[in-house]
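The chain contents come next:
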Amino acid sequence: MAVGHGDSSSSDKKSTDALSDLQTFNAENLQSNMKVIYYSRTFLSIIGGVIAGILGFKGLIGFVFYFLVMAVTSAALTAKAKFSIHSYFDTWNRVLLDGFFGGLMSFVLFWTFAYDIVHIF
Amino acid sequence: MGLGFTVGVIGVLILGHAAYSTIQYRSLLKITEEEFSGPPMEVVLELLVGLLFCMWAALTVPGKFLSVHPHSDENRVVSLPENVDFMIFNHRGRAFSSEVGLKLKH
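Computed from a predicted structure; not experimentally measured.

Rules used in this analysis
Residues numbered from 1 in each chain as written. Chains lettered and ligands numbered in written order. Predicted model: local features only at pLDDT ≥ 70, side-chain atom pairs only at ≥ 80, totals over all residues. Heavy atoms only, no water. Phe/Tyr/Trp six-rings, centres within 6.5 Å; stacked < 30°, edge-to-face > 60°. Helix = DSSP H or I, 4+ residues; strand = E, 2+ residues; numbered from the N terminus. Buried < 20%, exposed > 50% of the residue type's maximum accessible area, 1.4 Å probe, protein only. UniProt positions renumbered as here; feature names shortened; annotations may be inferred. Axes fitted to C-alpha atoms, helices over the stretch in contact; angles between N-to-C directions. Left-handed = near helix turned anticlockwise from the far one by under 90°. Contact = heavy atoms within 4.5 Å. Core = buried A, V, L, I, M, F, W, Y, C linked by side-chain atoms within 4.5 Å. Parallel < 35°, antiparallel > 145°, perpendicular 65-115°, else oblique. Polar contact = N/O pair within 3.5 Å; in protein donor to acceptor, adjacent residues only side chain to side chain. Expected span 1.5 Å × (residues − 1).

### Section: the packing of aromatic side chains
All names here are of chain A. Under the defined criterion, the tally for this structure stands at seven aromatic pairs over all chains. Ring centres of Phe107 and Trp111 lie 5.4 Å apart, and the angle between their planes is 40°; this geometry places the pair in the tilted category. Here Phe107 pairs with Trp111, and both are found in helix H4 (residues 100–120), just four residues apart, close to one helical turn. In this pair, the class of Phe107 matches that of Trp111, namely buried. Ring geometry for Phe110 versus Phe113: centroids 6.2 Å apart, planes at 90°, classification edge-to-face. Taken together, the residues Phe110 and Phe113, both in helix H4 and three residues apart, mark about one turn of the helix. Judged by its relative accessible area of 25%, Phe110 is partly exposed. Given the relative accessible area of 52%, Phe113 is considered exposed.

### Observations concerning the UniProt feature "transmembrane region" (unreviewed entry) in chain B
As annotated by UniProt and renumbered to match this structure, "transmembrane region" (unreviewed entry) occupies residues 42–61 of chain B. With 95% helix and 0% strand, residues 42–61 of chain B has end C-alpha atoms that lie 28 Å from one another.

### Side note on the environment of Glu33 of chain B
Residue and element names in this part refer to chain B. Following the sequence through the fold, Glu33 ends up in the loop between helix H1 (2–32) and helix H2 (41–60). A relative accessible area of 70% means that Glu33 is categorised as exposed. With 14 residues separating them along the chain, Glu33 and Leu47 place their C-alpha atoms 25 Å apart.

### Some details on the packing of helix H1 (residues 27–55) of chain A against helix H2 (residues 60–80) of chain A
Residues and elements named next belong to chain A. Running from N to C, H1 and H2 point in directions that differ by 145°, and their axes come no closer than 10 Å. The crossing of H1 and H2 is right-handed. In contact with Val36, Ile37, Ser40, Arg41, Leu44, Ser45, Gly48, Ile51 and Ala52 of H1, H2 contributes Phe65, Tyr66, Val69, Met70, Thr73, Ser74, Leu77 and Lys80.

### Notes on the nonpolar core
Of all hydrophobic cores here, the largest spans 24 residues; its most connected members are Ile47, Ile51, Phe65, Tyr66 and Phe107 of chain A together with Leu47 of chain B. If near-sequence neighbours (up to four positions away) are discounted, Leu47 of chain B is found in contact with Ile51, Ile54 and Leu55 of chain A together with Leu15 and Ala18 of chain B. Residues Phe25, Val36, Ile37 and Phe89 of chain A belong to the second largest nonpolar core, which totals 14 residues.

### Some points on the packing of H2 of chain A against H4 of chain A
Each pair of packed helices can be summarised by the angle the axes make with each other and by the distance between the axes. Residue and element names in this part refer to chain A. For the pair H2 and H4, the least separation of the axes is 11 Å and the interaxial angle reads 130°. Taken together, the axis directions place H2 and H4 in an arrangement best described as oblique. Relative to H4, the crossing made by H2 is right-handed. The residues of H4 that touch H2, namely those facing Gly62, Phe63, Phe65, Tyr66, Phe67 and Met70, are Phe100, Gly103, Leu104, Phe107, Val108 and Trp111.

### Focus: the environment of Phe89 of chain B
Mapped onto the elements, Phe89 of chain B comes out in the segment after H2. Look at Phe89 of chain B and you get exposed, because its relative accessible area is 62%.

### Some details on the environment of Thr78 of chain A
All names here are of chain A. Relative to the assigned elements, Thr78 resides in helix H2. Distance in space between the C-alpha atoms of Thr78 and Trp92 is 9.6 Å, their sequence separation being 14 residues. A distance of 2.6 Å separates the side chain of Thr78 from the backbone oxygen of Ser74, its partner in a polar contact.

### Focus on the UniProt feature "transmembrane region" (unreviewed entry) in chain A
Residues and elements named next belong to chain A. Following the UniProt record, one finds the feature "transmembrane region" (unreviewed entry) at residues 38–57, 63–83 and 95–115. Along residues 38–57, the helical share is 90% and the strand share 0%, with 25 Å between the first and last C-alpha atoms. Between the end C-alpha atoms of residues 63–83 there is a gap of 27 Å, over a span that is 86% helix and 0% strand.

### Some remarks on H1 of chain A
Relative to the 42 Å expected for 29 residues at 1.5 Å per residue, H1 of chain A spans 42 Å between its end C-alpha atoms, a close match to the ideal helical length. Once H1 of chain A finishes, Gly56 of chain A follows within two positions and takes phi at roughly 80°, a positive value.

### Focus: H2 of chain B
If you check H2 of chain B, its first and last C-alpha atoms are 29 Å apart, about what 20 residues at 1.5 Å a residue would give, namely 28 Å. Looking only at H2 of chain B, the buried set comprises Val43, Glu46, Leu47, Gly50, Leu51, Cys54, Met55, Ala57, Ala58 and Leu59 of chain B. The inward-facing, buried residues of H2 of chain B contact H1 and H2 of chain A together with H1 of chain B.

Here is the structure:
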């Protein structure tokens, strides 16, 4: 009686195969996890941009610094997920690559901003 | 979340202080007419500490990861219906005084 017909409101699922556990997942939690990654990456891109500007990076070395910061962020996010990516996400690409280019735009913006403040004015 | 937020603010303040130190260092270099090759070692250390604080804040503040498995313990589909409009209390259950051990999904 209290066992209602499952899909009431909160957890809608995507499933292609009822037997395979990896195909079926709780989409609402997945979206929440993606938001967490997005916020973390954006904030760290901004901070990385400010640091690159303060250090006075010009040209290619700044982008190398950005890739370095993103690599450390990916490692830290993997550690936050306790290295079992499949219990929080569906593919590896989401943890490693999501939000990468959006973060690049924020990085360049704050890099230019900080560089101008510290080194030009 | 309050602690992570505070740590993030402290990290940003450390970065601001490092920027201010670099500006002062540059004006000193302008007086002695030398080239700017890089900020002094203390500023680099300060930037590293600020980066570590901000990194810790960036991982802690947005929230925890929730499990995606449909069969794990915190993703129970079986739950009491949450819609208050359909809850009625004027039924025979009033006659009982038992504790019901069903888990609520919140």
